[in-house]
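What follows is each chain in one-letter form.
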Amino acid sequence: MPPEPTHDERLAEFEARIARGEKIEPGDWMPDRYRQQLIRMISQHAHSEIVGMLPEGAWIGHAPSLRRKLILIAKVQDEAGHGQYLYHAAESLGAERQDLIDALLSGKAKYSNIFNYPTLTWADVGMIGWLVDGAAIKNQTMLTGASYGPYSRAMVRICAEETFHYKQGKEMVSLYAQGTPRQRKMAQDALDRWWWPSLMMFGPPDDDSPNSAVLMRWGIKLRSNDTLRQEFIDEIVPELHAAGLRIPDTDLRYDTDSGHWRTGPIDWDEFWRVIQGGGPMNRERLRARREAHDDGLWVREAMAAYASRLAVTSDQ
Ligand code: 3HC
């Protein structure tokens, strides 16, 4: 029998597999830190999808037409599905779903900063599709190449669906931006509210991002927070201008030397405050999630009873 490989040999083989572009699968050897980082990131992502249903879900009953209502219902339902794929991906690493949910409901777990802002008008629903889903796609298209197989495969499907979300948002806001004075104001106000929080979605600047080094070393993140944010800015600024919208940043300028749009400073104090529970809607989001969880108890009990019944009958 050959001797058991040492930890260092296993680590070297693990890193060589990543360098060859192979996917790491659930039963494969992986460093504990890789597993922990993935569980952290995937569970935060799952929570973001689930909490993300709330700001838009609140508008289902107020959609201005049946067509818009159908689109919004489908979109909110998609987010629930994304949360499910992602909780499964975290479970494939040995995490217990109940622990993840408990961490969310107790306020211990993080979820995307963006869902701690209120949706004040119907145009916010469109702006979330255009800006928030647009930013999410930028980040998650990169993650389709992540080294962990179940996460990267979940991302392929999620990005396909997010693309519809982005397109319906862009279509809706562009229409309002060319509409009546009231519609134009509604679209502009929505951009004023969502612009800066959307840029924060990519995470803190690279110098203040404690997790990036290890995530990039092991092929989970393939590009840095600032790189993705800049790519997003370069793509979205011309789109918003083409729709006739004004970006709420007096320092915004096109730098001809680098070929990039440069924004003014991002308020990182606001970002840290929001992700630590001090945003305008943090308390309300957690209250709503706890209520939904309590309301769903009978469904979980019925499913558990059904599963144990199936187990008994399949034994007979
Ligand atoms: N919102 C909340 N917390 C954030 C954040 C954000 N936008 N960006 C960073 N943070 C937190 C991190 O979780 C980390 O906290 P922790 O160490 O306590 O876990 C801390 O700020 C420092 O940030 P880092 O840059 O070190 O963190 P990461 O390297 O993990 O990068 C990330 C942050 C870019 C968000 C990365 O985790 C990532 O790519 N995650 C997967 C994508 C994701 O979660 N997207 C959610 C978007 S919403 C969505 O998809 C719903 C759709 O319907 C729009």
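The structure this text deals with has already been given above.
All of the points below concern the structure found in this document.

Procedures and definitions
Residues numbered from 1 in each chain as written. Predicted model: local features only at pLDDT ≥ 70, side-chain atom pairs only at ≥ 80, totals over all residues. Heavy atoms only, no water. Helix = DSSP H or I, 4+ residues; strand = E, 2+ residues; numbered from the N terminus. Rg over C-alpha atoms; globule rule 2.2 N^0.38 Å. Contact = heavy atoms within 4.5 Å. Patch = residues over 30% accessible without salt bridge, like charges linked within 9 Å, V, L, I, M, F, W, Y side chains within 5 Å. Areas by Shrake-Rupley, 256 points an atom, 1.4 Å probe, with all protein chains shown as cover. Salt bridge = Lys/Arg side-chain N within 4 Å of Asp/Glu carboxyl O. Near = heavy atom within 4 Å. Polar contact = N/O pair within 3.5 Å; in protein donor to acceptor, adjacent residues only side chain to side chain. Nonpolar A, V, L, I, M, F, W, Y, C, P; charged D, E, K, R; others polar. Core = buried A, V, L, I, M, F, W, Y, C linked by side-chain atoms within 4.5 Å. Buried < 20%, exposed > 50% of the residue type's maximum accessible area, 1.4 Å probe, protein only. Phe/Tyr/Trp six-rings, centres within 6.5 Å; stacked < 30°, edge-to-face > 60°.

### Some words on the overall build of the protein
- Tallying secondary structure elements over the protein gives 13 helices and two strands in all.
- For a compact globule of 316 residues, the expected C-alpha radius of gyration is about 20 Å, and the protein comes in at 21 Å, within 12% of that figure.
- Each principal axis of the C-alpha atoms in the protein carries an extent, and together these give about 75 × 55 × 30 Å.
- Counting contacts in the protein only where the partners sit at least 6 residues apart, residues at least 24 apart contribute 77% of the total.

### Notes on a nonpolar patch on the surface
- Taken together, the side chains of Trp298, Val299 and Met303 make up a nonpolar region of the molecular surface, amounting to roughly 360 Å² of accessible area.
- The topology assignment puts Trp298 in helix 13 (residues 297-315).

### Some thoughts on the site of the ligand
- Taken together, 35 residues form the shell around the ligand, and within it Gln44, Lys110, Gln140, Ser209 and Lys221 come nearest.
- The separation between an oxygen atom of the ligand and a polar side-chain atom of Ser209 is 2.6 Å.
- At 2.9 Å, a side-chain N or O of Asn211 approaches an oxygen atom of the ligand.
- If you list the elements that add at least two residues to the shell around the ligand, you get helix 2 (32-51), helix 6 (122-143), helix 7 (149-177), helix 9 (212-217) and helix 11 (268-278).
- Per-class residue counts for the shell around the ligand are 16 nonpolar, twelve polar and seven charged.

### Structural notes on the nonpolar core
- Counting 83 residues, the largest nonpolar core has Tyr34, Tyr151 and Leu245 as the members making the most contacts within it.
- In terms of residue count, the dominant contributor to this core is helix 6 (twelve residues).
- If we skip the residues at most four places from it in the chain, Tyr34 touches Phe14, Ile18, Ile24, Ser147, Tyr148, Trp218 and Ile220.

### Quick word on the packing of aromatic side chains
- Using the criterion set out here, one finds eleven aromatic pairs in the structure.
- Seen in terms of ring centroids, Phe14 and Trp29 are 6.0 Å apart; in terms of plane orientation they differ by 80°. Their pairing is edge-to-face. Note that Phe14 is positioned in helix 1 (residues 7-19) and Trp29 in the loop between helix 1 and helix 2, a separation of 15 residues in sequence.
- Through a chain of ring-to-ring contacts, three or more aromatic side chains come together here, namely Phe14, Trp29, Tyr34 and Trp218.

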